[in-house]
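# Fold and contact review
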2 protein chains.
Amino acid sequence: AERTWIPVPPDSPFPLENLPFGIGCRAAGGPTVAWVAFGDHAVDLDRLDADGVFASTGLRRGTFATGRLNDHLAAGPEVWSAVRARLLDVLTDPRSADALADAVSRRDELQMALPVETLDYVDFYSSLHHATNLGRLFRPDADPLLPNWRHLPVGYHGRAGTLVPDGTDIVRPGGLRLVDGAPLFGPSRRLDIELEVGTVVGVGTAPGHPPVAADASDHLYGMCLVNDWSARDIQAFEYQPLGPFLGKSFATSVSPWLVSFEALAPHRVEAPVQDPPVAGYLRTDEPWAIDLHLEVLVESAVMREAGIAPHVVSRTGFADMYWTPAQQFAHVVANGATTRTGDLFASGTVSGPEPGTEGSFIELARAGERPIDLPDGTTRTFLDDGDRVILRGWAGGDGTPRIGLGEVSGTIVPSPGG
Amino acid sequence: AERTWIPVPPDSPFPLENLPFGIGCRAAGGPTVAWVAFGDHAVDLDRLDADGVFASTGLRRGTFATGRLNDHLAAGPEVWSAVRARLLDVLTDPRSADALADAVSRRDELQMALPVETLDYVDFYSSLHHATNLGRLFRPDADPLLPNWRHLPVGYHGRAGTLVPDGTDIVRPGGLRLVDGAPLFGPSRRLDIELEVGTVVGVGTAPGHPPVAADASDHLYGMCLVNDWSARDIQAFEYQPLGPFLGKSFATSVSPWLVSFEALAPHRVEAPVQDPPVAGYLRTDEPWAIDLHLEVLVESAVMREAGIAPHVVSRTGFADMYWTPAQQFAHVVANGATTRTGDLFASGTVSGPEPGTEGSFIELARAGERPIDLPDGTTRTFLDDGDRVILRGWAGGDGTPRIGLGEVSGTIVPSPGG
């Protein structure tokens, strides 16, 4: 590994090979700007910009001072690569150590916001195992996969206005659920998570002939973690025939550090073979699956008070997702719909085929039949007030540089309705 | 009627009692500002603001120069009423005629844009007749209404980024449809409209204890017309289990003149009795149904060339919608979701119980079984390339001032894929 003037702990999710960007300010005060995460530290990108570090990159001055990454993402792949190359230079140039010392902050001293402004948010349903698991739970007597599932990446629009940053408390939603067979308004009793990976649009698309999956690299910037909190009882009562709505729209948590596809390039792998073959607009020659490791951890209020570390309830992988980010993108625009910088596509719940690899409690606990044990001696079928859920994700490790997506977490707080 | 210094033709949709706001610029050139429609004219609200007309209203200077109505809508009900009162003064004060002459434009010389920036768009399904008609078409052997329908206003999130202004050409969308039982990508063969009325949020809502339907007047600003263009073949293949997606997301047309609930106040009527009774958060004491008349007109390319006027294919009413705008609002926020200024709730297709009162071609033509005759001698089951569809809506008339929503139109152009 190259020498850097900021130390990077071994196996850090944020080594020189990663360089994810986020938006934040120093908790002690200061402007909200873009940062690049680096080991246990972060470097103020606006400060570097002011110093002329990016002068040769084509980046417009002030791009990192707008309080969102959208302006950088809109600049396109050449600028993204040039900025990344300059960061590699600066972080390995010992002469920068003094000149840029005041641009560096400890990461844990930053207050992070949403990395991008997202104007349209689409949630997909792209894990074969998840779709099969849910199909079996909800339609036990039928083929778990509906006839369209292998032909197109099923998805729906979510509520962009309730995307929330890491650490935001999740208020238990109220809604109409069936209680003893009759709809009754009250706090959800089946509050769940969905472990997902999000893809963020860099360069939007204009009206006209839509781009196809093979064009995705011209448009997609990078990835983050997404927790699509879900109230299963509200969702079950409302979702026919127009899909999920209030069961999802109360909050969706997004991780702070956006990892570029350039950083993830060494971890692109072939997606599972699609059978039947998909339509032309969904085909790619390049591999577009991403070999990510993902984890779900839970910390109850009791564990937190007792100092018991968060407990891993699921370990799973992203590499065998049936539909790739490139295909999700191509599908969104196939009908002529435009996309804008910052648009977010969440993958859908990432679940594997074995017990303990599912990305939601409804799957992990078999809709309540197999409660999950926590180290405080309690069990969970769904989430209790006070529970904190942490999603983690990374590529690499085990001797190769770890390209971490970092974490996203949220703590359940009681419904204001009681 | 009071005397005004700008003449208003009899039965104009935009008399002194209406005063809808829109965003536009003079086609001959000039800044994009807010206008108030008045008879065949419109008055530049930014010009009035610059003249100090709104000095006593609490309106922030420059509100009408931002290229969207959001800033005015965010100002709240007291400012809305005060601005309206000042406009009534100015338009009936003969001394304004000379002083404000250059603020006046003919409406047909304006190029109108979207009236508001909408960050989240929800499409409902609130007409009992429409839901029943579609249920019969899609599930002929079952109860046409699903068990949730009378308990909550069913809805889903649409794509905010493809809301388009009046007059925007609608490109026939491509997508996967079943052809001889197999999915095939190609231009939609069942392109349809949905006649809807939109409600726009003025004052957004913060996290915390959600407002209820009885609070809606504090938040909702006004109404517009919405054409939720729909590709029925794409929709039919994709929509299970997560709802409509590409069958809708290619374009949704929004009318240019936003009519305030203050102007519509004389036309509020009791909604149909809801049985079973709805949950508390959905109840209102005030009447919240709006007695609007609605029309769908079609003009084929042949009719246009031959100078044949657009042909009315549907006349219907909005007063008997099962779910009201106040209930739609309360439902969106019931789970704690926030709303923002400019958020749009579309009513869902407005259909009546009799033939010729349906708000979509799939209903009017019984899914292709009863083609609609056009005056050029052709018939339609769905839309042809070149067809222009115009939606019109108004309250009043017949001796009372007409409170017009104006029109929204779009012309179908061929798919770029051929």
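Our focus in this paragraph is the overall build of chain A. Broken down by element type, chain A carries 10 helices and 26 strands. Taking 22 Å as the expected radius of gyration for a compact globule of 418 residues, we find that chain A reaches 21 Å, a close match to that expectation. In chain A, which comprises 418 residues, the share counted as buried stands at 60%. Restricting to contacts in chain A with at least 6 residues of sequence separation, those with at least 24 account for 73%. A total accessible area of about 15,100 Å² is found for chain A, and carbon and sulfur atoms account for 51% of it. Placing the 32 positive and 54 negative side-chain charges of chain A at their respective mean positions leaves the two points 2 Å apart.

Residue and element names in this part refer to chain A. Reading across from one edge, S4-S3-S2-S1-S5 is the order of the five strands in this open sheet, with antiparallel pairing throughout. The sheet terminates laterally at strand S4 (104–106) and strand S5 (110–112), the two strands that pair on one side only. The sheet shows a mean angle of 50 degrees between the axes of neighbouring strands, taken without regard to direction. Bridge analysis of strand S1 (residues 21–26) against S5 gives three bridges, and the strand direction is antiparallel.

Aligned on chain B, chain A shows an RMSD of 0.0 Å; the corresponding rotation is 180 degrees and the shift along the axis is 0.0 Å. As the rotation angle and translation indicate, the two copies are arranged about a two-fold axis. Residue glycine 243 of chain A, judged by its C-alpha, is the member of chain A lying nearest the rotation axis, at 2.1 Å. When the interface residues of chain A are mapped onto chain B, 100% of them again lie at the interface, so the same face is used by both copies.

It is worth spelling out the pairing of strand S10 (residues 174–179) of chain B at this point. Of all six residues in S10 of chain B, five are buried, a share of seventy percent or more. The loop that links S10 of chain B with its antiparallel partner strand S11 (residues 182–187) of chain B comprises two residues; one of these, aspartate 180 of chain B, has a positive phi angle of about 50 degrees.

Let us now look at the pairing of strand S2 (residues 33–38) of chain A. Residue and element names in this part refer to chain A. Counting buried residues along S2, six of its six residues qualify, which places the element largely inside the surrounding structure. One ladder, built from four bridges, connects S1 with S2; its direction is antiparallel. The residue of S2 that forms the bridge with glycine 22 is tryptophan 35. Here S1 folds back onto S2 in antiparallel fashion, the turn holding six residues, of which glycine 29 has a positive phi close to 120 degrees. From the end of S2 to the start of strand S3 (residues 41–44), which pair antiparallel, there are two residues, and glycine 39 there has a positive phi angle of about 60 degrees.

For the rest of this paragraph, the subject is the pattern of salt bridges. Pairing of side chains with opposite charge becomes possible as their charged atoms draw close. All names here are of chain A. Following the criterion strictly, the structure yields 54 salt bridges over all chains and no others. The partner of arginine 95 in a salt bridge is aspartate 93, with the nearest N and O atoms 3.0 Å apart. Judged by its relative accessible area of 69%, arginine 95 falls in the exposed class. Across the pair glutamate 194 and lysine 248 runs a salt bridge, and its minimum N-O distance is 2.8 Å.

In the predicted model, chain A carries a mean pLDDT of 96, and the fraction of residues at 70 or more is 100%. Model confidence for the complex: the whole-complex pTM is 0.97, and ipTM, which rates the interface, is 0.96.

Let us look at helix H5 (residues 128–138) of chain B. Among all positions in H5 of chain B, only His130, Ala131, Thr132, Leu134 and Gly135 of chain B are buried. Tucked into the core, H5 of chain B has its buried residues touching helix H10 (361–364) of chain B.

Let's shift gears to the side chain of serine 351 of chain A. All names here are of chain A. Here serine 351 lies in the loop between strand S22 (344–346) and helix H10 (361–364). Of note is the side chain of serine 351, whose polar atom sits 3.0 Å from the backbone nitrogen of glycine 359. At 2.8 Å, the side chain of serine 351 forms a polar contact with the side chain of glutamate 363. The contact partners of serine 351, leaving out residues within four places of it in the chain, are Ser127, His129, His130, Asn133, Thr316, Thr357, Glu358, Gly359 and Glu363.

Attention now goes to the interface of chain A and chain B. At the junction of the two partners, chain A supplies 53 residues and chain B supplies 53 residues. In total, chain A and chain B occlude about 4,800 Å² of area from one another, counting both sides; carbon and sulfur atoms represent 64% of this. Between chain A and chain B we count two salt bridges in total. In this structure, aspartate 343 of chain B engages arginine 159 of chain A in a salt bridge whose closest nitrogen and oxygen atoms are separated by 2.9 Å. The interface formed by chain A and chain B includes 20 residue pairs in polar contact (both at pLDDT 80 or more). Sorting the residues of the side of chain A that touches chain B by element identifies strand S6 (121–124), strand S7 (155–157), strand S10 (174–179), strand S11 (182–187), helix H6 (232–238) and helix H9 (325–333) of chain A as the ones contributing at least two each. In terms of residue count, the dominant contributor to the side of chain A that touches chain B is S7 of chain A (three residues). Of the residues belonging to the side of chain A that touches chain B, the class tally is 29 nonpolar, 18 polar and six charged.

This part takes up the sheet that holds strand S2 (residues 33–38) of chain B. Residue and element names in this part refer to chain B. Spatial ordering of the open sheet is given by S4-S3-S2-S1-S5, a layout of five strands whose pairing is antiparallel. Edge strands, defined here as strands with exactly one partner in the open sheet, are strand S4 (104–106) and strand S5 (110–112). The mean angle between the axes of side-by-side strands here comes to 50 degrees, regardless of whether they run parallel or antiparallel.

A complete count under the given rule lists 20 aromatic pairs over all chains for this structure. Seen from their ring centres, phenylalanine 21 of chain B and phenylalanine 64 of chain B are 5.9 Å apart, and the 80 degrees between their planes marks the pair as edge-to-face. You can see phenylalanine 21 of chain B sitting in strand S1 (residues 21–26) and its partner phenylalanine 64 of chain B sitting in the loop between helix H1 (45–50) and helix H2 (70–74), a full 43 residues away along the chain. As far as burial versus exposure is concerned, phenylalanine 21 of chain B and phenylalanine 64 of chain B are alike and both buried. An aromatic cluster is present here, built from Phe21, Phe54 and Phe64 of chain A joined pairwise through their rings. For the cation-ring pair, arginine 268 of chain B lies above tryptophan 288 of chain B, with the distance from its terminal atom to the ring centre recorded as 4.0 Å.

Residues and elements named next belong to chain A. Going from glutamine 240 to proline 241, the amide bond is cis rather than trans, its omega being 0 degrees. Within the secondary structure layout, proline 241 lies in the loop between H6 and strand S16 (252–254). Of note, the bond from aspartate 275 into proline 276 is cis; its omega dihedral lies within 30 degrees of zero at 5 degrees. Within the fold, proline 276 resides in the loop between strand S18 (268–269) and strand S19 (289–290). Not every positive phi belongs to a glycine, and aspartate 11 is a case in point at roughly 65 degrees. Summarising the element assignment, aspartate 11 is placed in the segment before S1. Exposure remark for aspartate 11: the relative accessible area of 47% places this residue in the partly exposed category.

Rules and cut-offs
For every chain, the first residue of the written sequence is number 1, and numbering continues from 1 onward in sequence order. Each chain takes a letter, starting from A, and each ligand takes a number, starting from 1, following the order in which they are written. Per-residue local features are limited, in this predicted model, to residues with pLDDT of at least 70; the limit for side-chain atom pairs, both in listing and counting, is 80 or more; totals at the level of whole chains, interfaces and linings are taken over all residues. As a rule here, side-chain values come from all non-hydrogen atoms in the structure, and water together with hydrogens is ignored. Where helices and strands are cited, they refer to DSSP runs of H or I of at least four residues and of E of at least two residues respectively, numbered from the N terminus. Only C-alpha atoms enter the radius of gyration, while the globule expectation follows 2.2 Å times N to the 0.38, with N the number of residues. Exposed residues in this analysis have more than 50% of their type's maximum accessible area, buried residues have under 20%, and partly exposed residues fall in between, with area computed by a 1.4 Å probe over protein chains only. Contacts between residues were defined by any pair of non-hydrogen atoms, one from each residue, lying within 4.5 Å. Where accessible areas are quoted, they stem from the Shrake-Rupley method and a 1.4 Å probe; at the residue level, only the protein chains shown are allowed to cover. When charges are counted, Lys and Arg are positive and Asp and Glu negative, with His and the chain ends excluded. Charge coordinates come from a single atom per side chain, which is NZ of Lys, CZ of Arg, CG of Asp or CD of Glu. A pair of strands is treated as paired once DSSP finds two or more bridges between them. Axes here mean lines fitted to C-alpha atoms, for a helix over just the part in contact, with angles spanning 0 to 180 degrees between N-to-C directions. C-alpha atoms of residues with pLDDT of at least 70 in both copies form the basis for the least-squares superposition of the copies. Just to be clear on terms, a salt bridge is a Lys or Arg side-chain nitrogen sitting within 4 Å of an Asp or Glu carboxyl oxygen. Each residue gets a pLDDT score, which is the predictor's confidence in that residue and runs from 0 to 100. Distance and chemistry together define a polar contact, namely a pair of N or O atoms within 3.5 Å, with one atom able to donate a hydrogen and the other to accept it when in protein, and with adjacent residues in sequence counting only for side-chain atoms on both sides. Here the quantity called buried area is the accessible surface, traced with a 1.4 Å probe, that two parts lose on coming together, added over both. Amino acid classes used here: Ala, Val, Leu, Ile, Met, Phe, Trp, Tyr, Cys and Pro are nonpolar; Asp, Glu, Lys and Arg are charged; the rest, including Gly, are polar. Here is the rule: rings of Phe, Tyr and Trp (six-membered ring for Trp) pair when centre to centre is within 6.5 Å. Planes less than 30 degrees apart are stacked, more than 60 are edge-to-face, and the remainder are tilted. Charge over a ring is defined by NZ of Lys or CZ of Arg lying within 6 Å of the ring centre and within 35 degrees of the ring normal.

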